[in-house]
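# Commentary on secondary and tertiary structure
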Amino acid sequence: MTDDPTAVAVPLGAEDHRRLLRLLGTLAERLGPLPGPEGARYADGPELLGAALVLAEGDPVVLDALAVEIRRRRLRRAARGELLAVCGALEGVAARLEPVAAREEAERLARDLREVTVAVALQEEAGEIARRLLLGTHRLTHLAEQGGPWAPTLQDLAGTLDDLHDALRPPT
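Thresholds applied
Residues numbered from 1 in each chain as written. Predicted model: local features only at pLDDT ≥ 70, side-chain atom pairs only at ≥ 80, totals over all residues. Heavy atoms only, no water. Helix = DSSP H or I, 4+ residues; strand = E, 2+ residues; numbered from the N terminus. Rg over C-alpha atoms; globule rule 2.2 N^0.38 Å. Buried < 20%, exposed > 50% of the residue type's maximum accessible area, 1.4 Å probe, protein only. Areas by Shrake-Rupley, 256 points an atom, 1.4 Å probe, with all protein chains shown as cover. Lys, Arg positive; Asp, Glu negative; His and termini not counted. Charge placed at Lys NZ, Arg CZ, Asp CG, Glu CD. Contact = heavy atoms within 4.5 Å. Salt bridge = Lys/Arg side-chain N within 4 Å of Asp/Glu carboxyl O. Core = buried A, V, L, I, M, F, W, Y, C linked by side-chain atoms within 4.5 Å. Axes fitted to C-alpha atoms, helices over the stretch in contact; angles between N-to-C directions. Parallel < 35°, antiparallel > 145°, perpendicular 65-115°, else oblique. Nonpolar A, V, L, I, M, F, W, Y, C, P; charged D, E, K, R; others polar. Expected span 1.5 Å × (residues − 1). Patch = residues over 30% accessible without salt bridge, like charges linked within 9 Å, V, L, I, M, F, W, Y side chains within 5 Å.

When helices and strands are counted, the protein chain shows 6 helices and 0 strands. The order of α-helices and β-strands along the protein chain, N terminus first, is α-α-α-α-α-α. The C-alpha radius of gyration of the protein chain comes to 23 Å, more than 25% above the 16 Å expected for a compact globule of 172 residues. By its C-alpha atoms, the protein chain is 80 × 35 × 30 Å across when sized along the principal axes. Of all 172 residues assigned to the protein chain, the portion counted as buried reaches 26%. In the form shown here, the protein chain has an accessible surface area of approximately 11500 Å², with 59% of it arising from carbon and sulfur atoms. Measuring between centres, the 21 positive side-chain charges of the protein chain sit 5 Å from its 28 negative side-chain charges.

Turning next to the side chain of Glu 105. The residue Glu 105 is located in helix α4 (residues 100-121) in this model. Given the relative accessible area of 18%, Glu 105 is considered buried. Discounting chain neighbours no more than four positions away, the residues touching Glu 105 are Arg 139 and Leu 143.

Turning next to the pattern of salt bridges. On inspection of all chains with the given rule, the structure shows 17 salt bridges. Glu 69 is the salt-bridge partner of Arg 73, the closest N and O atoms lying 3.1 Å from each other. With Arg 73 and Glu 69 both in helix α3 (residues 60-94) and 4 residues apart, this pair spans about one turn of that helix.

Let us now look at the nonpolar core. Counting 29 residues, the largest nonpolar core has Leu 90, Leu 133, Leu 140 and Leu 154 as its most contacted members. Elements with a minimum of two residues in this core: α3, α4, α5 (126-145) and α6 (151-168). Those residues in contact with Leu 90 that lie beyond four places of it in its chain are Ala 106, Leu 109, Ala 110, Leu 113, Leu 140, Leu 154 and Leu 157.

What follows deals with the packing of helix α1 (residues 14-31) against helix α2 (residues 45-58). One way to put it is that α1 packs onto α2 with a least axis distance of 10 Å and a crossing angle of 95 degrees. By the criterion of interaxial angle, the relationship of α1 to α2 is roughly perpendicular. When α1 is examined against α2, the residues Leu 20, Leu 24, Leu 27, Ala 28 and Leu 31 are found in contact with a partner set consisting of Gly 45, Leu 48 and Leu 49. Partitioned by chemical class, the residues of the contact of α1 with α2 number 7 nonpolar, 1 polar and no charged.

In a regular helix each residue adds 1.5 Å, so 18 residues correspond to 26 Å; α6 covers 25 Å between its end C-alpha atoms and thus fits that length. For α6, the complete set of buried residues consists of Ala 151, Leu 154, Leu 157, Ala 158, Leu 161, Leu 164, His 165, Ala 167 and Leu 168.

A cluster of nonpolar residues, Val 62, Leu 63, Leu 66 and Ile 70, forms a patch on the protein surface that exposes about 320 Å² of accessible area. Using a relative accessible area of 30% as the deciding quantity, one classes Val 62 as partly exposed.

Encoded structure:
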């Protein structure tokens, strides 16, 4: 630890640590050696991170992108609970849907989403989970179109599934 009271230590997971090192290395290489009081040298981590903070602070597009990524990370960590909540809400609505075909489709979808919840808990293949969530989003959107007074609730649930799909989708 440093004696500098302004220094900050932030614990990073292994993946974020590798990503940070890659980013810092790429930035340092792009800049090349820079003049300094002790002679030319590559920029170090604090200089590069400080510059990134200045850009993030002053650019609404960067701030928005950061907010989206933070939301995705939170949703990834809470995906199982969110899916269980969607399933519970969908099961509650399903019992009230008319016609019977819509009720049965909602019940099938709730069962399918419970299977996805198990896949998330077991940390199965992310691409397959994301595909199943996207399919669930489409099915819920279709149900909302025929959901009568339950349409807004079904649309909200579809929006939650879409957010989860976005958060769990592997990077392309």
